[in-house]
Amino acid sequence: MAKEIENLWREVRELSLGTKIDRLNLPPSPVKFLRDYVSQSKPCVISNAITHWPALKLWSDPAYLSEALSNDLVSLHLTPNGSADAVTPVGDRDGLCFASAHVEKVLFPEALRAVGSSCKGKKVGYLQQQNDCFRTEYSTVGLDCDGDISWATEAFGCSPEAVNLWIGTEHSVTSFHKDHYENLYAVVSGEKHFLLLPPTDVHRLYIEQYPAANYSYHRDTEAFKLEVGEPMRHVPWCSVDPYPSQEKEASERLKYPLFFNGPKPFHCTVKAGEILYLPSMWFHHVSQTPGDGGYTIAVNYWYDMQFDIKYAYFNFLQSLSYKSSSLNPVLSWREDEDWESSDAEL
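Quick caveat: nothing in here was measured; it's all calculated off a predicted structure.

(A) Highlighting the sheet that holds strand β9 (residues 174–177). Strand order in the open sheet formed by four strands is β9-β17-β11-β15, with antiparallel pairing between adjacent strands. Lying at the two open borders of the sheet, with one neighbouring strand each, are β9 and β15 (266–271). Neighbour to neighbour, the strand axes of the sheet diverge by 20 degrees on average, direction disregarded. Both β9 and strand β17 (residues 283–289) contribute to a ladder of two bridges, which runs antiparallel. Each bridged residue has a counterpart across the sheet, and for T174 the counterpart in β17 is V286.

In structure tokens:
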């Protein structure tokens with residue numbers, strides 16, 4: 001069974017995905033989008049789809065957002081290291097946990113200052129509430145963007161289930177995970193850097209069950225405390241850090257050989273004015289580079305996924321007990337292959 005699963009990783013790339021993320025110079029028609037990308041569960045980056053948004057010009061100036069949202073309460077997420085919703089050591093406890101950020105409601109100007117003054121190792125702020133926040137907490141600036149992505153809405157046959165706003169700096173990183181949504185991710189300022197793996201690569205991410213924990217932040221001492229919830233519940237999460245420190249790299253490669261020795265993740269950078277189509281169930285790791293205003297800002301649209309035969313296939317594959325066909329597997333991937341995002345425009 002191990003050899004068959006490893007062959008699956010290769011065949012998916014050879015027969016369907018190729019080695020590079022497609023880049024479209026113009027928004028596709030709904031039919032082309034559905035036929036060439038949604039039905040094939042294939043990501044793509046689309047240019048010139050949001051050039052008409054007022055946000056592209058207005059939001060590059062933080063003063064505009066601070067003034068427009070001066071009386072609006074928003075959800076500020078705080079961590080000591082910029083890694084919320086991630087596997088984290090539990091202090092003096094034995095082992096790891098799944099750590100969620102401390103969240104507090106503050107006026108937007110205060111929240112934006114907290115994000116802008118982030119310092120890794122001390123306090124990192126991120127505006128990342130994922131509960132349709134753009135249409136609730138940020139509705140004051142709602143007209144600066146479209147309410148949906150029209151050609152995607154027509155292709156999916158429904159409106160977005162949620163629209164979310166993200167504002168952060170280079171200190172915030174999102175660990176590998178998947179979502180049960182079709183995702184249209186539009187970058188307004190700065191750049192987002194994605195590592196992508198298809199659902200067929202689930203075994204390479206070493207998903208394990210971790211106790212759920214939450215950070216609490218104490219303003220008087222400016223200290224964080226990480227506490228495991230009671231009663232204890234567990235969250236399935238990816239164990240792999242694709243960018244381990246130099247000190248940990250050798251040990252991480254030994255612990256997670258299927259990830260580091262297998263086919264490289266697809267990589268793409270999404271720049272201001274571009275949209276990434278991220279199919280449901282694809283695993284993604286996200287980092288970011290701020291724009292001229294000092295922030296990375298993005299709006300994403302979550303459309304309901306179809307729980308069809310692809311979902312059944314994924315659940316079946318995930319249920320298989322998998323062990324590598326060797327103690328230190330090295331798959332037959334050509335070292336000279338370029339797995340970076342293609343610069344060609346289709």
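From this point on, the discussion continues.
(B) How the structure looks around the side chain of D144. Relative to the assigned elements, D144 resides in the loop between β7 (124–126) and α6 (150–156). Within the buried core, D144 has no salt-bridge partner, and the shortest N-O distance to an opposite charge, that of K57, equals 12 Å. Look past the residues within four positions of D144 in its chain and what remains in contact with it is W53, P54, A55, L58, W59 and Y64.

(C) Here's a closer look at the packing of aromatic side chains. Counting across every chain of the model gives 20 aromatic pairs. Both rings, one in F98 and one in W237, keep their centres 4.6 Å apart while their planes meet at 50 degrees; by these two values the pair is tilted. Linking F98 in strand β5 (residues 96–100) with W237 in strand β14 (residues 234–238), this pair joins segments that are 139 residues apart in sequence. The exposure classification of F98 matches that of W237, with both residues buried. Between the aromatic rings of F108 and Y138, the centroid separation amounts to 6.2 Å while the plane-to-plane angle is 90 degrees, which identifies the pairing as edge-to-face. Taken as a pair, F108 in helix α5 (residues 108–116) and Y138 in the loop between β7 and α6 lie far apart in primary sequence, 30 residues in all. By the burial criterion, F108 is buried, and Y138 matches it. Pairwise contacts between aromatic rings join F33, W151, F156, Y277 and Y303 into one cluster. Between R204 and the ring centre of W9, over which it is positioned, the NZ or CZ distance is 5.6 Å.

(D) The arrangement of α5 in detail. Three or more residues of α5 are buried, namely F108, P109, A111, L112, A114 and V115. Buried positions along α5 lie against α4 (62–68), β3 (73–79), β6 (102–107), β7 and β8 (162–168).

(E) Inspection of the sheet that holds strand β1 (residues 22–24) at higher detail. Taken together, six strands build an open sheet; the order of strands is β1-β2-β16-β10-β18-β8 and the sheet is mixed. Strands at the two margins of the open sheet, each flanked by one partner only, are β1 and β8. On average, each strand axis in the sheet is tilted by 20 degrees relative to the strand beside it, whichever way the strands run. Contacting β1, β2 (44–46), β10 (181–189) and β16 (275–278), helix α2 (residues 30–38) runs over the sheet at an angle of about 55 degrees to β16.

Parameters and conventions
- Per chain, residues are indexed from 1 in the order of the written sequence.
- The model is predicted, so local features are restricted to residues of pLDDT at least 70 and side-chain atom pairs to those at 80 or more, both for listing and for counting; the totals for chains, interfaces and linings are taken over all residues.
- As a rule here, side-chain values come from all non-hydrogen atoms in the structure, and water together with hydrogens is ignored.
- Should DSSP find at least two bridges between two strands, the strands are taken to pair.
- In this text, helices come from DSSP runs of H or I with a minimum length of four residues, and strands from runs of E with a minimum of two, each type numbered from the N-terminal end.
- Fitting a line to C-alpha atoms yields each axis, with helices limited to the stretch in contact; the angle taken between N-to-C directions then spans 0 to 180 degrees.
- To sort residues, take the accessible area from a 1.4 Å probe on protein chains only and compare it with the maximum for the residue type: under 20% means buried, over 50% means exposed, and anything in between is partly exposed.
- Charged-residue counts in this description rest on Lys and Arg as positive and Asp and Glu as negative, His and the chain ends being excluded.
- For this document, the term salt bridge refers to a Lys or Arg side-chain nitrogen within 4 Å of an Asp or Glu carboxyl oxygen.
- Working rule for contacts: check all heavy atoms of both residues, and any pair within 4.5 Å makes them a contact.
- Here is the rule: rings of Phe, Tyr and Trp (six-membered ring for Trp) pair when centre to centre is within 6.5 Å. Planes less than 30 degrees apart are stacked, more than 60 are edge-to-face, and the remainder are tilted.
- Lysine NZ or arginine CZ positioned within 6 Å of the ring centre and within 35 degrees of the ring normal marks a charge as sitting over the ring.

None of the figures reported here should be taken as evidence of function without further support.
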